[in-house]
Amino acid sequence: MFDKSDRLALYANILSAALGVFLIIFTDLLFSGIILTISALALHYTLRHLNKTSFTISNLERTITIQDNSGSKAAETQKHEVVANQSGLSEFWCRNINSNGFVSYITINGASPAEQTQEDSNTHAAIKFDGNLKSGQAFDIELSFNHKDAFKDTQCILAHTVDNETNLLRLVVRLPEGRPVTSASVSRKVDDVETPQLPPVITDNGNVVAEIKNPLIGATYYLQWDCPKQNLADKLDRIFITK
């Protein structure tokens, strides 16, 4: 992600390129204008390349399936379509695995993570490759884990922090028939400032789907949905549900 100094360099490059075009079109300094324009474009390309994350995720779909009306049990899968931006990379980390309840049974591509660390409330899990990746090499990763007691409230939230350049982020929540959605929204938080985004779609079967193109690296996106209060039967199910 571009920091302040990088943004200043970007704006300077744009102005230099614009000046070069001006010289080419409106003055006799054709050669100087061409050199200035090419230099600005080359510097811009170099800056973008240096700021690229190690991986680009062309598509990331997070799907949460809530398995009971009480919201006590849920399973999540995260399907990553990834491209390596550098050669020599030997591992990929799935970061910021968290829950409003408890996380358990983390797997990557059906196996236990090669390495797993804990940082405050976030779990990070890694898959390690047999050999080093080549720049431009594509691969798929499927992360799976369970949530416990994470979606019991009438207002629930799925949070996602972007740590790799991502082309498309898709957030999907599948709810049981006894837990319909009444409303849903998406917001983005950057530097403690939260702004609303395009609203998600509530499908005919009651699922909630949000698609975010080119999400901002370092930002946290929140998918929030509201459900009606539980009736007495659901509350009794919640009390006597098998742990």
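Our subject in this report is the structure included herewith. Numbering of residues begins from 1 in every chain and follows the order in which that chain's sequence is written. Selection of residues for local features in this predicted model requires a pLDDT of at least 70, selection of side-chain atom pairs for listing and counting requires 80 or more, and totals for whole chains, interfaces and linings are taken over all residues. As a convention, hydrogens and water are excluded, and side-chain values are obtained from all of the structure's heavy atoms.

### Some details on the overall build of the chain
Tallying secondary structure elements over the chain gives 3 helices and 15 strands in all. Within the span of the chain, comprising 243 residues, buried residues form 36% of the whole. Residues are treated as being in contact if the distance between any of their heavy atoms lies within 4.5 Å. Partitioning the intrachain contacts of the chain with sequence separation of at least 6 by distance along the chain shows that 75% fall at a separation of at least 24. Helix numbers and strand numbers start at the N terminus; a helix is a DSSP run of H or I with at least 4 residues, a strand a run of E with at least 2. Residue burial is assigned from relative accessible area. The probe radius is 1.4 Å, only protein chains are included, and a residue is buried under 20% of its type maximum, exposed over 50%, and partly exposed in between.

### Quick notes on the pairing of strand E8 (residues 155-161)
Only one face of E8 is covered, namely the face carrying Cys-156, Leu-158 and His-160; the face carrying Gln-155, Ile-157, Ala-159 and Thr-161 is uncovered. In this description, strands pair whenever DSSP reports at least two bridges between them. As defined by bridge partners, E8 adjoins strand E15 (residues 220-226) across 7 bridges and the pair is classed as antiparallel. Counterpart to His-160 in the pairing with E15 is Tyr-221.

### Points about the sheet that holds strand E5 (residues 115-119)
The strands making up a sheet associate through hydrogen bonds between their backbones, and the pairing can be parallel or antiparallel. What the 3 strands build is an open sheet, ordered E3-E6-E5; its pairing is antiparallel. Unpaired on one side and paired on the other, strand E3 (91-97) and E5 mark the two borders of the sheet. When the angles between neighbouring strand axes are averaged without regard to direction, this sheet yields 20°. Two elements, E5 and strand E6 (residues 122-128), share 5 bridges in a ladder whose sense is antiparallel. When the bridges of E6 are listed, Thr-117 appears paired with His-124. Axes, fitted as lines to C-alpha atoms, cover a helix only where it is in contact. Angles between the N-to-C directions of the axes lie from 0 to 180 degrees.

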